[in-house]
Amino acid sequence: MNVSYIPPLDILGIHHITALASDPQRNVDFYVNLLGLRLVKQTVNFDAPDVYHLYYGDEVGRPGTLLTFFPFPDAVRGTRGAGETSAVAFSVPRGSLDFWLERLARAGIELSGPERRFGEDFISFEDHDGMKVELFLDPSADARAGWTGSSVGPQNAIRSFHGATFTHWELSEPGRFLQDTMRFSRGGSEGSRHRFLAGSGEGQARIDILVDPRAPQHRQSAGSVHHIAWRAKDDKEQLVWRKDLMEAGVGPTPVIDRCYFHSVYFREPGGVLFEIATDPPGFLTDETLDSLGTQLRLPPWLESSRSSIAKHLPPLSVPAPVRAEA
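Residues numbered from 1 in each chain as written. Predicted model: local features only at pLDDT ≥ 70, side-chain atom pairs only at ≥ 80, totals over all residues. Heavy atoms only, no water.

Asker: If you had to explain the overall build of the chain to someone new, which residues and values would you point to?
Answerer: A tally of helices and strands in the chain yields five helices and 16 strands. In terms of overall dimensions, the chain is globule-like: its C-alpha atoms have a radius of gyration of 19 Å, near the 20 Å expected for 326 residues. Across its three principal axes, the chain shows a C-alpha extent of roughly 50 × 45 × 40 Å. Within the chain, buried positions represent 55% of all 326 residues. In the chain, the proportion of contacts linking residues at least 24 apart, taken out of those at least 6 apart, comes to 68%. Of the roughly 13,900 Å² of accessible surface on the chain, 50% is carried by carbon and sulfur atoms. (Helix = DSSP H or I, 4+ residues; strand = E, 2+ residues; numbered from the N terminus. Rg over C-alpha atoms; globule rule 2.2 N^0.38 Å. Buried < 20%, exposed > 50% of the residue type's maximum accessible area, 1.4 Å probe, protein only. Contact = heavy atoms within 4.5 Å. Areas by Shrake-Rupley, 256 points an atom, 1.4 Å probe, with all protein chains shown as cover.)

Here it is as structure tokens:
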């Protein structure tokens, strides 16, 4: 397909982050009931339809808010190490850390912090599968709305991604790739942690490379991030990115239809799986705003197998929206 010339593009920020999990019901309970995200799509892994693909985000699942999971009920925990996304960070409004400290402590979650990183306050903890999650106070989060239909309440709700941390044995190749190919800018260093910035304004993502020459090679399983997806405005921009990635020699896949966005996958030099995903068409293509995430949705090419697919999926109890706390 021919693409008319478009000047070099900038990544708009994070589109979504996808991780592996074990029990799907515990996954829903943690991210909906405890963290207050909305389950915006209940579907399957299009490449392995005997496994759920669960999407959590804000009210409509806007790009930049989406944390998604492939839950394998019998999966053992992965091993954190080099060559992976080792932490996922969300933005929360100013003044909300005390709320989160109390809420998570009441749930029996072991916490670290508050700490400061690059001048920002944050706390960290692990989910039920051992995936590291960080909550950062972010002044820009105050102007954005989170999902209000949970017991977290609108004042303290998670807003969007703040960024992520990659663990690598060395900085030079992964850092050069982020700057030269992905066109991220440098955001400074603190010890062995080196920051890169993708996007700008509200959508800016802070990507840290944590250099640890002694880290073990990661082993991907429950609690591991599978891939991180970057935003492209539309199909045209995605094709430009794919052309640039081919010229960079990283072997991007063809464009793949994921129904709610279109995807191109490739690996950066340190081994982290990247994706370029389009903003449209979004999650309202097959559900109304009020019904998002309440029913199993399948792509058209799997509808004929709905009965057999549903039979292999464990039942899910999806909490209904509740009146937010004052």
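Having seen it, we continue.
Asker: Summarise the pattern of salt bridges; cite the residues concerned and give the values.
Answerer: Under the definition given, this model contains 20 salt bridges. In this structure, R106 and E102 form a salt bridge, with 3.2 Å as the shortest nitrogen-oxygen distance. One end of the pair is R106 and the other is E102, both in helix α2 (residues 97–106) and four residues apart, which spans about a single turn. Residues R231 and D279 are paired through a salt bridge, measuring 2.6 Å at the closest nitrogen-oxygen approach. Here R231, found in strand β13 (residues 225–232), pairs with D279, found in the loop between β16 (273–278) and α5 (306–312); they are 48 residues apart in sequence, far enough to count as distant. Like D279, R231 is buried. Overlapping salt bridges, with partners in common, bring together E120, D138, R193, R195, R206 and D208 in one network. (Salt bridge = Lys/Arg side-chain N within 4 Å of Asp/Glu carboxyl O.)

Asker: Quick one: what's the story with the packing of aromatic side chains, residue by residue and with numbers?
Answerer: Scanning the entire structure with this criterion turns up 19 aromatic pairs. Ring centres of F30 and F125 lie 6.5 Å apart, and the angle between their planes is 45°; on these two criteria the pair is classed as tilted. Of this pair, F30 sits in helix α1 (residues 24–34) while F125 sits in strand β7 (residues 120–126), and the two are 95 residues apart along the sequence. There is no split in this pair, since F30 and F125 are both buried. One aromatic cluster is present, formed by F166, F177, F184, W230, F266 and F274 through successive ring pairs. (Phe/Tyr/Trp six-rings, centres within 6.5 Å; stacked < 30°, edge-to-face > 60°.)

Asker: Now, about the sheet that holds strand β14 (residues 256–257): what can you tell me, with residues and values included?
Answerer: For sheets, the rule is that strands pair by backbone hydrogen bonds, running either parallel or antiparallel. The mixed open sheet is built from eight strands, whose spatial order is β2-β3-β4-β1-β13-β16-β15-β14. Pairing within the sheet leaves two strands with one partner each, and these edge strands are β2 (38–45) and β14. Note: strand β15 (residues 262–267) against β16, five bridges, orientation antiparallel. Of the residues in β16, the one forming a bridge with Y265 is E275. (Pairing = 2+ DSSP bridges.)

Asker: Any details on α2? Residues and values, ideally.
Answerer: Within α2, the full set of buried residues consists of L97, F99, W100, L101, R103 and L104. Residues of α2 that are buried make contact with α1, β5 (84–92), β6 (111–117), β7 and β8 (132–137). Count one or two residues on from α2 and you reach G108, which has phi positive near 80°.

Asker: Before we move on, could you go through the sheet that holds β7 and cite the residues and values that matter?
Answerer: Pairing within the open sheet is mixed, and its eight strands lie in the order β6-β7-β8-β5-β9-β12-β11-β10. Looking at strand neighbours, the two that pair on one side only are β6 and β10 (185–190), the edges of this open sheet. Between one strand axis and the next, the sheet turns by 25° as a mean value, whatever way the strands run. Relative to β8, β5 runs parallel, the two sharing five bridges. Bridge assignment links A89 to a residue of β8, and that residue is E134. (Axes fitted to C-alpha atoms, helices over the stretch in contact; angles between N-to-C directions.)

Asker: Could you give an account of the environment of D129, naming the residues involved and the relevant values?
Answerer: In this structure, D129 sits in the loop between β7 and β8. Setting aside anything within four residues of it in sequence, one finds D129 in contact with A21, S22, R77, A222 and G223. Only 3.3 Å separates the side chain of D129 from the side chain of H128, close enough to count as a polar contact. (Polar contact = N/O pair within 3.5 Å; in protein donor to acceptor, adjacent residues only side chain to side chain.)

Asker: Residue-level account of the environment of G113, with values.
Answerer: Note that G113 resides in strand β6. Linking G113 and G191, residues 78 residues apart in sequence, is a C-alpha distance of 18 Å. Contact partners of G113, with chain neighbours within four places excluded, come to L101, F122 and I123.

Asker: Quick one: what's the story with the pairing of β10, residue by residue and with numbers?
Answerer: As paired elements, β10 and strand β11 (residues 193–198) share four bridges and run antiparallel to each other. Among the inter-strand pairings, E190 is bridged to a residue of β11, identified as R193. Connecting β10 to the antiparallel partner β11 that follows it, the hairpin turn spans two residues, and G191 within it adopts a positive phi of roughly 60°.

Asker: Could you give an account of helix α3 (residues 172–181), with specific residues and numbers?
Answerer: Of the positions making up α3, those classed as buried are P174, G175, F177, L178 and T181. Where α3 is buried, its residues meet β9 (160–168), β11, β12 (205–211), α4 (235–247), β15 and β16. Of the residues trailing α3, R183 is marked for its positive phi of about 60°.

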